[in-house]
Amino acid sequence: MIDNEKDKLVDETQDKQRADLRIVSDRVSHSYCVVLKRGREKKGLSVRELAQELKVPSHIITALEEQQYEKLPSDTYVAGYIRAYAGLLGLNPDGLIKDYKQDKAFRQRSEHERITKEESERRELEAEKEPDIEKSIKRVLKNVNEVRNEHGWKIILAALFVILGVYGLVEYLENKPQLDAANENPVIESVKIQNADGSIVITDIMDDAHHTPVVATDTALNEDRLKFVLSGTSWIIVRDQEGNLVHQSREQKGEVLELTGKAPFFVRLSNASAVSLLFNGKRQDFSASVTDDDQLLELRIPPQE
């Protein structure tokens, strides 16, 4: 009897904690980020500590709590992060994931409306700043319209030719300084071509075919190389040492993905058994790090010595 009363008291306490978090979320326009942050703070965890607990980069936690959607991966991965975050706090993740998707859609829609409004205002401002020459043309046309019955179409045509001539002269005088500068300092267009040995040839496309190319050293040759060979479909995510996203895509069976940069890299894979990974030409064995559901959650390349 006493044990049942203790269990009931524990359940009531947990329900009250969840209710307190939900009350906080109902007082703001976007609840999920507040619920997560308040829950983390109630646990006494820093962003870094929580990131280590969930095994995700710290900037993902910050982006979730601060609604920095441009720094987050696709919704599929974010939903997984929120689910893990909520699970650690003892919260139901479904409502939080729904709040996240609604808030993201709202912000994207608001941003689109803002850009559309700014573009409309810009056009109206440009219309108000109509050049004096165009205003003069409109006044002349108005006067021509008033006297056309009296003087006939010959005068109208003559006036139009004069207007067009004046307008063309004004355009020429306005653009003449830029034309002169362009003639004195022509733009040189060039193109880079990679040879079979990896060297880069820089050649002037404005020159003739007998132009002698300049050979430059390709700094990419000194970078580390990752190569993924796929025998099945897999999501591939690669980040650098700072947690910045280097690559994220869904690759198909038979494809080969090659990336360059500075090691170390941190790799995540779905359907990991369908991926062969080479680092600087050497095959990497990561089978010991693959989960039961064939996921590679995080692999450091090269392994830390």
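Owing to the predicted nature of the structure, the values given are computational and were not obtained by experimental measurement.

Novice: Can you walk me through the overall build of the protein chain in this structure?
Specialist: When helices and strands are tallied, the protein chain shows eight helices and 11 strands. Accessible surface, the protein chain as shown: approximately 21200 Å² in total, 52% of it carbon and sulfur.

Novice: I would appreciate a short explanation of the pattern of salt bridges in the present structure.
Specialist: Close approach of charged atoms allows side chains with opposite charge to pair. Following the criterion strictly, the structure yields seven salt bridges and no others. Salt-bridge contacts for R83 lead to D94; the nearest nitrogen and oxygen are separated by 3.5 Å. Taken together, the positions of R83 in helix α5 (residues 75-89) and D94 in helix α6 (residues 93-128) put the pair 11 residues apart, joining distant regions of the chain. Note on D94: relative accessible area 47%, which makes it partly exposed. R123 is paired through a salt bridge with E119; the nearest N and O atoms lie 3.2 Å apart. Taken together, the positions of R123 and E119, both in helix α6 and four residues apart, correspond to about one turn of that helix. Counted as one network, the salt bridges with shared partners bring together E119, R122 and R123.

Novice: How do you make sense of unusual backbone geometry when you look at a structure like this?
Specialist: Both trends apply: most residues other than glycine have a negative phi, and most peptide bonds are in trans. The omega torsion of the bond from A263 to P264 falls at 5°, within 30 degrees of zero and hence cis. Tracing the backbone through its elements, the reader meets P264 in the loop between β7 (256-261) and β8 (265-270). The amide bond that connects I301 to the next residue, P302, takes the cis arrangement and shows omega of -5°. As for its position among the elements, P302 is in the segment after β11 (295-301). Backbone geometry places Q67, a non-glycine residue, at a positive phi of 60°. Looking at where Q67 falls in the secondary structure, it is placed in the loop between α4 (58-66) and α5. Relative accessible area serves as the criterion here: at 14%, Q67 is assigned to the buried category. A positive phi is found at N271, a non-glycine position, where the angle reads about 50°.

Novice: Would you mind going over helix α2 (residues 31-43) with me for this structure?
Specialist: Along an α-helix, a turn takes 3.6 residues, which lines up residues three or four apart on a common side. Counted at 1.5 Å a residue, the expected span for α2 with its 13 residues is 18 Å, and the 18 Å between its end C-alpha atoms agrees. Taken together, the buried positions of α2 are S31, Y32, C33, V34, V35, L36, G39 and R40. Among the residues trailing α2, G44 stands out with phi positive, at a value near 75°.

Novice: Could you clarify how one ought to interpret the sheet that holds β8 in this entry?
Specialist: Strands pair in a sheet through their backbones, by hydrogen bonds, and they do so in one of two ways: parallel or antiparallel. With respect to topology, four strands assemble into an open sheet ordered β6-β5-β8-β11, the strand pairing being antiparallel. Each edge of the open sheet carries a strand with a single partner, namely β6 (245-251) and β11. Direction aside, the axes of adjacent strands within the sheet are offset by 10° on average. Sheet analysis places strand β5 (residues 234-239) next to β8, joined by four bridges and oriented antiparallel. The residue of β8 that forms the bridge with R239 is F266.

Novice: Would you explain the pairing of β5 in this entry?
Specialist: Looking down a regular strand, the side chains alternate between one sheet face and the other. With five of six residues buried, β5 is to be regarded as a mostly interior element. Pairing between β5 and β6: six bridges, direction antiparallel. Residue pairing across strands places W235 opposite R250, the latter belonging to β6.

Procedures and definitions
Residues numbered from 1 in each chain as written. Predicted model: local features only at pLDDT ≥ 70, side-chain atom pairs only at ≥ 80, totals over all residues. Heavy atoms only, no water. Helix = DSSP H or I, 4+ residues; strand = E, 2+ residues; numbered from the N terminus. Areas by Shrake-Rupley, 256 points an atom, 1.4 Å probe, with all protein chains shown as cover. Salt bridge = Lys/Arg side-chain N within 4 Å of Asp/Glu carboxyl O. Buried < 20%, exposed > 50% of the residue type's maximum accessible area, 1.4 Å probe, protein only. Expected span 1.5 Å × (residues − 1). Pairing = 2+ DSSP bridges. Axes fitted to C-alpha atoms, helices over the stretch in contact; angles between N-to-C directions.

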